[in-house]
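Below, each chain spelled out in residue letters.
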Amino acid sequence: MGQWAQVSTFREGLKIGAITGVLVATMTNSYWYSSSHFFNGFQPLLADIVAAGLTVGVMGGAIGWFLGYWGK
């Protein structure tokens with residue numbers, strides 16, 4: 001994140017992490033939804049995408065904070 005996105009704050013990391021989490025979860029959940037019975041419906045699929053956006057966003061925010069704090 002420090003090299004390709006130039007992230008150095010919690011807010012920037014949160015945004016990049018949330019976007020990454022939503023994209024990866026959408027890809028993975030679409031595959032699972034179309035090829036198996038992992039999800040019982042569309043609502044659990046959407047809930048998992050939102051949860052991934054939140055959790056990966058917070059993780060990205062922590063990475064952004066760390067890079068900004070220790071990179072000075």
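Look up a bit, the structure's there.
Anyway, here's the lowdown on the structure attached to this text. Keep in mind it's a predicted model, so treat the numbers as computed, not measured.

1. Focus: the overall build of the protein chain
Scanning the protein chain from N- to C-terminus turns up two helices and zero strands. The C-alpha atoms of the protein chain give a radius of gyration of 15 Å, which is well past the 11 Å a tight globule of 72 residues would have. Each principal axis of the C-alpha distribution contributes one length, and for the protein chain these read about 50 × 20 × 10 Å. Across the 72 residues of the protein chain, 24% fall into the buried class. As presented, the protein chain carries roughly 5300 Å² of accessible surface, and 70% of it is formed by carbon and sulfur atoms.

2. Structural notes on the environment of Ala51
Turning to its location among the elements, Ala51 is positioned in helix 2 (residues 42-70). The exposure class assigned to Ala51 is partly exposed, which follows from its relative accessible area of 35%. On a C-alpha basis, the gap between Ala51 and Thr28 in space is 13 Å, while along the polypeptide they are 23 residues apart.

3. Looking at a nonpolar patch on the surface
Residues Phe10, Leu14, Val58, Met59, Ile63, Trp65, Phe66, Leu67, Tyr69 and Trp70 make up a contiguous nonpolar surface patch of roughly 1000 Å² in combined accessible area. Mapped onto the nonpolar patch, the elements with two or more residues apiece are helix 1 (10-35) and helix 2. Looking at where Trp65 falls in the secondary structure, it is placed in helix 2. Classification of Trp65 as partly exposed rests on a relative accessible area of 48%.

4. Regarding the packing of helix 1 against helix 2
The description of two helices packed together rests on the angle between their axes and the distance between the axes. With their axes 6 Å apart at the nearest point, helix 1 and helix 2 run at an angle of 150° to one another. Taken together, the axes of helix 1 and helix 2 lie roughly antiparallel to each other. For the element pair helix 1 and helix 2, the recorded crossing hand is right-handed. Considered class by class, the residues forming the contact of helix 1 with helix 2 number 14 nonpolar, eleven polar and one charged.

5. Some points on helix 2
For helix 2, which comprises 29 residues, the first-to-last C-alpha distance of 42 Å matches the rise-based estimate of 42 Å (1.5 Å per residue) to within 8%. All buried positions along helix 2 are accounted for by Leu45, Ile49, Ala52, Gly53, Gly57, Gly60, Gly61, Gly64 and Gly68. For helix 2, the secondary structure elements touched by its buried residues are helix 1.

Conventions used here
Residues numbered from 1 in each chain as written. Predicted model: local features only at pLDDT ≥ 70, side-chain atom pairs only at ≥ 80, totals over all residues. Heavy atoms only, no water. Helix = DSSP H or I, 4+ residues; strand = E, 2+ residues; numbered from the N terminus. Rg over C-alpha atoms; globule rule 2.2 N^0.38 Å. Buried < 20%, exposed > 50% of the residue type's maximum accessible area, 1.4 Å probe, protein only. Areas by Shrake-Rupley, 256 points an atom, 1.4 Å probe, with all protein chains shown as cover. Patch = residues over 30% accessible without salt bridge, like charges linked within 9 Å, V, L, I, M, F, W, Y side chains within 5 Å. Salt bridge = Lys/Arg side-chain N within 4 Å of Asp/Glu carboxyl O. Axes fitted to C-alpha atoms, helices over the stretch in contact; angles between N-to-C directions. Parallel < 35°, antiparallel > 145°, perpendicular 65-115°, else oblique. Left-handed = near helix turned anticlockwise from the far one by under 90°. Nonpolar A, V, L, I, M, F, W, Y, C, P; charged D, E, K, R; others polar. Expected span 1.5 Å × (residues − 1). Contact = heavy atoms within 4.5 Å.

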